Amino acid sequence: MTPTDSKFEVAVLGAGIAGSTLAAILARHEVKVLLIDSGTHPRFAIGESTIPYATSTMHVLAERYRVPELAPLSNFKDTATHVSTMCGQKQNFGFVYHEPDAPPAAEKANQVMVPIWWRTEAHWFRQDIDTYVFNQAVRYGAVPRLNTCISDIGVDPHSGAELRTSSGETFTAEYLVDATGFRSVLAERFGLREVPTRARTHSRSLFTHMIGVEPYDDVAPLRYGQPSRWHDGTLHHVFDGGWLWVIPFDNHDSSKNPLCSVGLTLTGAAALADREAPDKEFADFLRRFPAVAEQFRTAKAVRPWVSTGRLQYSATDTVGDRFCLTAQSAGAVDALFSRGLANSFQTVNALAWRLIAAAREKDWSTERFVGVDAIQQRMFDMHDDLAYSSYVAFRDYDLWNVMIRVWDTFNFYTEAALAHTFSRYQTTGDDELFRTHERLDSGLAAMMRELLATARTTCEAVDRGELTPGDAAATLRAHLEQGRFWPTYMPQGKPDTRYFYTNPDLTTQFMYWTRTEAPQRIREYFA
């Protein structure tokens, strides 16, 4: 490196998926960017299950910022063809409800299919995906510094950041982005962790990668009659007190990966209790749920188990003078519903255009970035509402059966709103469409916030013993019906339908409804 190579416009701490994606976009737009990390690639990471909002956002990033190498990550087929043959497919979100020491019941299971005629989501083998995106960032011109530990950081509101490494090097940057995660150096440096966190969700996890995990379809003690094999998607074994994820990477013919991601998340008293070694704790869990244990008769962990403390953490502020906490540095809630990647990419989308403009105009004032803090704080609270309400709902299947509809309604409309904005952008090329969308000040966005707030307050009443799970289920069902989120012919609008699947004709009919007969706040958005 030459002496001038130590001066950058943006320094990104953390070369994981979020930091590398941001760095690739910035470098593509000729922003001089440093990408620095204490580790190397490839490396293990969780956050392996994509959802439509995450992959749609990746497609937006590819086109909005002209980084076509990100586009293959917007769907499973292109990921498997152009990025990695080690990833799995995700054709459904599967939920099987269990009670301890009791056989499962066929009527206590749910599945939300991702229509294969429309798209297929993916199970990302993160070491391959993260390495791919990191390499693209370097190819576009980001300066990589892996295996580099930061020993000290100075941030001056007028001149920017100075980074000193443990080996004695010094780097300067006009702006500093922290994407390092829970142990965020900036959160510690400026005392930004919210203590205690405002999150209502309280959970912890233990997880690993395993080989020899049997498809649940082959070993389940009964036939559920669901439209898609459990093994073809992300399977959630749900019970009062937590859930177990099963994310296979070997569920299609072209896969070269025999592994399966397995993680147990516990809440309530189990999240607070003293714990045993994670492998023993997992074995004890399987003894309580023999139907689940059948999946793991021959399974072996291929890497050490990871056991966490409480998963939830938050920040009082995610933006300050000349810096921003982003992705997992800003905060985290829970892996339930796989929202981590979606939130990270949404933040990258909101931060990238601001950084590009700041670099061009030589204006790094904090006011340019306060909108990013609003976005991240709002995402955290909505994700917390969703996870907290779901954990309370796990106590009773009837309440959980309604809560799935709350989640699917939120999941569908947030992604549909983004897709609609993207479609208009592709027609007009007007970037202001995205800037308007990210403010989430539409009537449709208000409906989603009201829905999650109703779920939270209702489940809080259950938590306090003021409302029975049955009455809570009736309250949420009435809110969904009165809000007319779905026409009656859609599966989400049918209380007794547990498997959600739509064909092209039904989808066309529904989209026509959103423009003609739906409530005004839905119609006005999709008009």
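Residues numbered from 1 in each chain as written. Predicted model: local features only at pLDDT ≥ 70, side-chain atom pairs only at ≥ 80, totals over all residues. Heavy atoms only, no water.

Caption draft 1: Molecular detail of the overall build of the chain. When its secondary structure is counted, the chain shows 17 helices and 19 strands. Its C-alpha atoms give the chain a radius of gyration of 23 Å, near enough to 24 Å, the size a compact globule of 527 residues would have. For the C-alpha atoms alone, the extent of the chain along its principal axes is close to 70 × 55 × 50 Å. Considering the chain as a whole, with its 527 residues, one finds that 61% of them fall into the buried category. Contacts in the chain between residues far apart in sequence, at least 24 positions, make up 74% of those at least 6 positions apart. Carbon together with sulfur atoms contributes 51% to the accessible area of the chain, which is approximately 20,500 Å² in total. (Helix = DSSP H or I, 4+ residues; strand = E, 2+ residues; numbered from the N terminus. Rg over C-alpha atoms; globule rule 2.2 N^0.38 Å. Buried < 20%, exposed > 50% of the residue type's maximum accessible area, 1.4 Å probe, protein only. Contact = heavy atoms within 4.5 Å. Areas by Shrake-Rupley, 256 points an atom, 1.4 Å probe, with all protein chains shown as cover.)

Caption draft 2: Just the layout of surface pockets, in detail. Approximately 640 Å³ is the volume found for the second largest pocket. Lining the second largest pocket are 26 residues, with W118, F412, E415, A416 and T507 positioned closest to its centre. For the lining of the second largest pocket, the elements supplying multiple residues, two or more each, are β5 (109-113), α12 (397-428) and α16 (504-516). Looking at the lining of the second largest pocket, the element that brings in the most residues is α12, giving seven residues. Its residues placed into classes, the lining of the second largest pocket shows 18 nonpolar, five polar and three charged. (1 Å grid on protein atoms, 1.4 Å probe; cavity = no way out; pocket = protein on both sides within 12 Å on 5 of 7 lines; lining within 4 Å. Points joined across faces, edges and corners; volume = space filled by probe spheres on them. Nonpolar A, V, L, I, M, F, W, Y, C, P; charged D, E, K, R; others polar.)

Caption draft 3: The packing of aromatic side chains, seen in detail. Considering all chains together, one arrives at 36 aromatic pairs under this definition. Taking 4.9 Å as the distance between ring centres and 80 degrees as the angle between the ring planes, the aromatic pair formed by F394 and W400 counts as edge-to-face. On the basis of relative accessibility, which here comes to 0%, the residue F394 falls in the buried class. Of the residues examined, W400 reaches a relative accessible area of 1% and is grouped as buried. Three or more aromatic residues joined by ring pairs form one cluster here, namely F93, F95, F337, Y391, F394, W400 and W407. Over the ring of F8 we find K32; its NZ or CZ atom is 5.3 Å from the centre of that ring. Above the ring of F190, the side-chain terminus of R189 is found at 5.0 Å from the ring centroid. (Phe/Tyr/Trp six-rings, centres within 6.5 Å; stacked < 30°, edge-to-face > 60°. Lys NZ or Arg CZ within 6 Å of the ring centre and 35° of its normal.)

Caption draft 4: Layout of the pairing of strand β14 (residues 259-267). Counting buried positions over the nine residues of β14 gives nine, a clear majority of the element. By the alternation rule, side chains of β14 split into L259, S261, G263, T265 and T267 and C260, V262, L264 and L266, which are all buried. As paired strands, strand β11 (residues 203-211) and β14 are joined by nine bridges and run antiparallel to one another. Each residue of the ladder has a partner; that of S203, found in β14, is T267. Bridge count between strand β13 (residues 242-248) and β14: seven bridges; the pairing is antiparallel. Looking at β14, one finds that I247 is bridged to S261. (Pairing = 2+ DSSP bridges.)

Caption draft 5: A look at the nonpolar core. V10, L355, W400 and Y413 are the most contacted members of the largest nonpolar core, which totals 116 residues. Broken down by element, this core gets its largest block of residues, 15 residues, from α12. M210, V219, L244 and Y499 belong to the second-largest nonpolar core, a separate cluster that totals 29 residues. (Core = buried A, V, L, I, M, F, W, Y, C linked by side-chain atoms within 4.5 Å.)

Caption draft 6: The environment of E30, seen in detail. Among the structural elements, E30 can be located in the loop between α1 (17-28) and β2 (33-36). With a relative accessible area of 74%, E30 lands in the exposed category. With 480 residues separating them along the chain, E30 and F510 place their C-alpha atoms 43 Å apart.

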